[in-house]
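Single-letter residue listing:
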Amino acid sequence: MWCVPEIDEPFVERMKDVLELYARPHDPSEPVVAFDERPVVLHDNARPDRPMRRGKPRRIDDEYVRRGTANIFCIVEPKTGRHLTQAIEDRTRPSFALAGERIARAYPQAHRIHLVLDNLNTHTPASLIKAFGTERGRALASRFAFHHTPKHASWLNAAEIDASLVSRECLGRNRIPTLAELRRRVRQWNAAADRARRKINWTFTVRDAERIFGSDWFNRIVS
């Protein structure tokens, strides 16, 4: 269920910006890439499970042990189905900067990469500059155009759909005890999704937003 506590000019401007970006025809020189994060709690079995035997299913004890936390960067180009999702240790500024560098390397011929993100304080060009230094960081930041979703509207980020797929298809209800195991699973999922070119068919448009939120105030604020 959408939670929109306040409709104001910044909300409308950002919503319109993101929706118009999704509506553009695909342009390899200016790809649109959505980026989201999914924290993961690592769990291990408190006791060894009992393997499946003839006539008996595998049995796993309900008790588990926490083994720390990790993070998944969900990265997808919706119109082409290109996936760069990866599991990492955390979601700090250096981790975001490394992810940005990875995205830039994946699109060496792109003139500008349009990056759709939420409003986490690490999702800024400053993170790239702090991680790589002024010259290299600014050069990397210049490869991107940052498009932030409105506050309380992360549902406008197409990468949330990928995050949901990763949760259901890759993680499921399995206990994952280590970062290495999480990385292995996510690599396998990403390889399959990328190979299949699983696109995201985004259908919510500016016209839909006007209809749902009210065209009078929408047109007034935008104009």
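Presented here is an overview of the structure given in this document. (Residues numbered from 1 in each chain as written. Predicted model: local features only at pLDDT ≥ 70, side-chain atom pairs only at ≥ 80, totals over all residues. Heavy atoms only, no water.)

Here we look at the packing of helix H2 (residues 93-106) against helix H3 (residues 125-132)
Running from amino to carboxyl end, H2 crosses H3 at an angle of 95°, the nearest separation of the two axes being 8 Å. Judged by the angle between their axes, H2 and H3 are roughly perpendicular. From H2, Arg 93, Pro 94, Phe 96, Ala 97, Leu 98 and Glu 101 reach across to H3, where they touch Ser 127, Leu 128, Lys 130, Ala 131 and Phe 132. Tallied by class, residues from the contact of H2 with H3 come to 7 nonpolar, 1 polar and 3 charged. (Axes fitted to C-alpha atoms, helices over the stretch in contact; angles between N-to-C directions. Helix = DSSP H or I, 4+ residues; strand = E, 2+ residues; numbered from the N terminus. Parallel < 35°, antiparallel > 145°, perpendicular 65-115°, else oblique. Contact = heavy atoms within 4.5 Å. Nonpolar A, V, L, I, M, F, W, Y, C, P; charged D, E, K, R; others polar.)

Let's talk about unusual backbone geometry
The phi angle at His 152 is positive, at roughly 65°, despite the residue not being glycine. For His 152, the location among the structural elements is in the loop between strand S6 (144-148) and helix H5 (159-171). Despite not being glycine, Arg 197 has its phi angle at roughly 50°, a positive value. Mapped onto the fold, Arg 197 is located in the loop between helix H6 (179-195) and helix H7 (206-213). Given the relative accessible area of 39%, Arg 197 is considered partly exposed. (Buried < 20%, exposed > 50% of the residue type's maximum accessible area, 1.4 Å probe, protein only.)

Notes on the packing of helix H1 (residues 9-23) against H7
At their nearest, the axes of H1 and H7 sit 9 Å apart, and the two run at 145° to each other. Of the residues in H7, those in contact with Met 15, Lys 16, Leu 19 and Glu 20 of H1 are Val 206, Ala 209 and Phe 213. Classifying every residue of the contact of H1 with H7 by side-chain character gives 5 nonpolar, no polar and 2 charged.

Section: the pairing of S6
Within S6, 4 of the 5 residues are buried, which leaves it mostly tucked inside the rest of the structure. Of the strand pairs in this sheet, strand S5 (residues 113-117) and S6 are connected by 5 bridges, and their pairing is parallel. Looking at S6, one finds that Leu 117 is bridged to His 148. (Pairing = 2+ DSSP bridges.)

Quick word on the pairing of S5
Burial within S5 is extensive, with 5 of its 5 residues counted as buried. In S5, alternate side chains face the same way, and those of Ile 113, Leu 115 and Leu 117 on one face and His 114 and Val 116 on the other are all buried.

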